[in-house]
Amino acid sequence: QVQVAESGGGLVQAGGSLRISCAAFARTFSGTAMGWFRQAPGKGREFVAAINWNGESRHYAESVEGRFTISRDNDKKTVYLEMNSLKPEDTAVYYCAAHVGGSYLRTDSYAGWGQGTQVTVSS
């Protein structure tokens with residue numbers, strides 16, 4: 001399975017922007033759809049965005065549509081999540097994983113989760 005390492009999280013003020021990265025370590029990365037999920041304290045893991053193998057198809061949670069952009073660079077084996085107009089409710093640990101089948105909206109459709117990167121948005 002694809003193994004990943006998330007990075008780039010930090011503390012930003014509401015309305016600000018941040019880009020987080022997901023470095024993947026797998027021979028099959030270029031042919032694998034990837035997704036971003038997030039989890040706030042006391043809450044379940046929530047779908048954020050997904051991108052197909054070549055970056056031509058993208059899906060977003062309604063809560064981030066129009067504010068976040070998922071992209072990938074297969075040469076660098078990296079997936080990015082550009083977050084704009086950040087809101088306090090975006091505060092969470094953001095995780096990246098590889099899609100392994102099933103609905104792209106479900107956590108159980110992914111594998112190879114990283115340790116996550118903390119994104120905190122202050123009001």
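Quantities reported herein were computed from a predicted structural model and do not represent experimental measurements.

A. Up close: the overall build of the chain. For the chain, the helix and strand inventory stands at zero helices and eleven strands. Along the chain direction, N to C, the helices and strands of the chain fall in the order β-β-β-β-β-β-β-β-β-β-β. At 13 Å, the chain has a C-alpha radius of gyration in line with the 14 Å of a compact globule built from 123 residues. With the C-alpha coordinates of the chain rotated into their principal frame, the extents come out at 40 × 30 × 25 Å. The buried share of the chain, reckoned over its 123 residues, is 43%. Summarising the internal contacts of the chain: among those between residues at least 6 apart in sequence, 54% fall at separations of at least 24. As displayed, the chain offers around 6,200 Å² of accessible surface, 46% of which is attributable to carbon and sulfur atoms.

B. Seen up close, the packing of aromatic side chains. Under the criterion given, the structure shown has five aromatic pairs. Both rings, one in phenylalanine 37 and one in tryptophan 113, keep their centres 5.2 Å apart while their planes meet at 75 degrees; by these two values the pair is edge-to-face. Taken as a pair, phenylalanine 37 in strand β4 (residues 34-39) and tryptophan 113 in the loop between β10 (110-111) and β11 (117-122) lie far apart in primary sequence, 76 residues in all. In this structure an aromatic cluster arises from ring pairing among Phe37, Phe47, Tyr104, Tyr110 and Trp113. Sitting over the ring of tryptophan 113, arginine 45 keeps its end group 4.7 Å from the ring centre. Just above the ring of phenylalanine 29 sits the side chain of arginine 72; from NZ or CZ to the centre is 4.5 Å.

Rules of the game
Residues numbered from 1 in each chain as written. Predicted model: local features only at pLDDT ≥ 70, side-chain atom pairs only at ≥ 80, totals over all residues. Heavy atoms only, no water. Helix = DSSP H or I, 4+ residues; strand = E, 2+ residues; numbered from the N terminus. Rg over C-alpha atoms; globule rule 2.2 N^0.38 Å. Buried < 20%, exposed > 50% of the residue type's maximum accessible area, 1.4 Å probe, protein only. Contact = heavy atoms within 4.5 Å. Areas by Shrake-Rupley, 256 points an atom, 1.4 Å probe, with all protein chains shown as cover. Phe/Tyr/Trp six-rings, centres within 6.5 Å; stacked < 30°, edge-to-face > 60°. Lys NZ or Arg CZ within 6 Å of the ring centre and 35° of its normal.

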